[in-house]
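Each chain, written out:
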Amino acid sequence: MVLSTHLEIEFKNLLTNEEFRRLCDFFHIKEASFISQTNHYFDTEGFALKDAGSALRLREKKGKWEMTLKQPAEVGLLETNQDLDESMAKAFIENNAFPVGEVKSTVQSIIDGIEGLHHFGSLTTSRVEIPYEGGLLVFDHSSYLSTEDFEIEYEVQNFEAGKEIFYNLLNELHIPVRKTENKIKRFYNQKLLQKKSNLI
C-alpha cells in the first residue's frame, strides 16, 4: 500500500468550449493527447463530509486506482492519497467496504458513522497536463450527470507567484475570470439540481 500526504495549491477557471479550444491551440495540444480518468465520489446520505469541508474520491486512471481524502488547509487543501488494487476499489464502490488505512482513520476522525458512506456518483474527465512557468497546467473536459464542462487548472508550490502567473495567462488570452468550484462541488450542485427537477 502506497500512502502520501501533500498540500495542494491550485487555481482553476471554468471555460466555454471555444475558450478551451483556443487554449489548446495556444499550447499546441492535440485531441489525441488527452487521457481519460474517472472519479468516484463518496459521502453519507446527509453529506457529512461535504459539511466538514472535506471530500473523498476514488480515481481510476490507466487501470490504476487511488483513494484521496481532501481536507481544508490554511492555504489550499491537504490531500491524503492511498493506492488501492482493483478488488479493494470495486468492493468500496459496490459494497461500501472501506479499505483499511490512514484515509479511513482520518475520515473516522472527521465524521461519525462512516458505515453510512456510500458511492453516490462518478465524473469522467479527459485531461492533459503540461509544465508551465514552474507549475503544472491542467486542461480538463469533464462529463457527469448528463452535463459537461471545460476547465483550466494551475497547480503550484507558491500561492502568490502562481496566482499572478495564472491570471496573467487568462488576461493574455482574453478569458474572463470566473468563480470556479472544484469538481466534486460542481457534481454536488448538479446532483441537487437533478433532485429538485425530479420533485417538480
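Residues numbered from 1 in each chain as written. Predicted model: local features only at pLDDT ≥ 70, side-chain atom pairs only at ≥ 80, totals over all residues. Heavy atoms only, no water.

(A) Quick peek at the pattern of salt bridges. Applying the stated rule across the entire model yields 17 salt bridges. Of the charged contacts, one joins Glu 151 and Lys 12 as a salt bridge, the two residues approaching to 3.5 Å between their closest N and O atoms. Of this pair, Glu 151 sits in strand S8 (residues 147-156) while Lys 12 sits in strand S1 (residues 3-15); the two residues are 139 residues apart in sequence, bridging distant segments of the chain. Summarising the burial analysis for this pair, Glu 151 and Lys 12 share the class buried. Among the ionic pairs, Asp 140 bridges to Arg 127, the shortest N-O distance being 2.7 Å. Linking Asp 140 in strand S7 (residues 135-144) with Arg 127 in strand S6 (residues 118-132), this pair joins segments that are 13 residues apart in sequence. As far as burial versus exposure is concerned, Asp 140 and Arg 127 are alike and both buried. One salt-bridge network, in which partners are shared between bridges, spans Glu 10, Lys 12, Arg 127, Glu 129, Asp 140, Asp 149, Glu 151, Glu 153, Lys 183 and Arg 186. (Salt bridge = Lys/Arg side-chain N within 4 Å of Asp/Glu carboxyl O. Helix = DSSP H or I, 4+ residues; strand = E, 2+ residues; numbered from the N terminus. Buried < 20%, exposed > 50% of the residue type's maximum accessible area, 1.4 Å probe, protein only.)

(B) Fine view of the pairing of strand S4 (residues 64-72). Taken together, the seven bridges between strand S3 (residues 55-61) and S4 define a ladder with antiparallel strand orientation. Pairing of Leu 56 across the sheet is with Leu 69, part of S4. Here S3 folds back onto S4 in antiparallel fashion, the turn holding two residues, of which Lys 62 has a positive phi close to 50 degrees. When S4 meets strand S5 (residues 77-84), the two strands line up antiparallel, connected through eight bridges. In the sheet register, Met 67 faces S5, and the bridge partner there is Gln 82. Between S4 and S5, which pair antiparallel in sequence order, lie four residues; one of them, Gly 76, sits at a positive phi of approximately 75 degrees. (Pairing = 2+ DSSP bridges.)

(C) Layout of the side chain of Thr 68. Mapped onto the secondary structure, Thr 68 falls in strand S4. Here the side chain of Thr 68 touches Asn 81 through a polar contact of 2.6 Å, side chain to side chain. Ignoring any residue separated from it by four or fewer positions in sequence, one finds Thr 68 in contact with Ala 55, Leu 56, Arg 57, Glu 79, Thr 80 and Asn 81. (Polar contact = N/O pair within 3.5 Å; in protein donor to acceptor, adjacent residues only side chain to side chain. Contact = heavy atoms within 4.5 Å.)

(D) Looking closely at the packing of aromatic side chains. Scanning the entire structure with this criterion turns up 20 aromatic pairs. Ring centres of Phe 11 and Phe 166 lie 6.2 Å apart, and the angle between their planes is 25 degrees; on these two criteria the pair is classed as stacked. Separated by 155 residues along the polypeptide, Phe 11 in strand S1 and Phe 166 in helix H5 (residues 159-172) bring together distant segments of the chain. Phe 166 matches Phe 11 in its accessibility class, with the two residues each being buried. Taken together through their ring pairs, the aromatic side chains of Phe 11, Phe 26, Phe 27, Tyr 132, Phe 139, Tyr 154, Phe 159, Phe 166 and Tyr 167 make up a single cluster. Over the ring of Tyr 188 we find Lys 50, and its NZ or CZ is 5.7 Å from the ring centre. (Phe/Tyr/Trp six-rings, centres within 6.5 Å; stacked < 30°, edge-to-face > 60°. Lys NZ or Arg CZ within 6 Å of the ring centre and 35° of its normal.)

(E) Seen up close, the pairing of S7. In terms of burial, S7 is largely enclosed, as seven of its 10 residues are buried. Two elements, S6 and S7, share nine bridges in a ladder whose sense is antiparallel. Bridged to Glu 129 within S7 is Val 138. From the end of S6 to the start of S7, which pair antiparallel, there are two residues, and Glu 133 there has a positive phi angle of about 50 degrees. In terms of strand pairing, S7 meets S8 through nine bridges, oriented antiparallel. Considered in S8, the bridge of Tyr 144 is made with Thr 147. Joining the antiparallel neighbours S7 and S8 is a turn of two residues, in which Leu 145 adopts a positive phi near 50 degrees.

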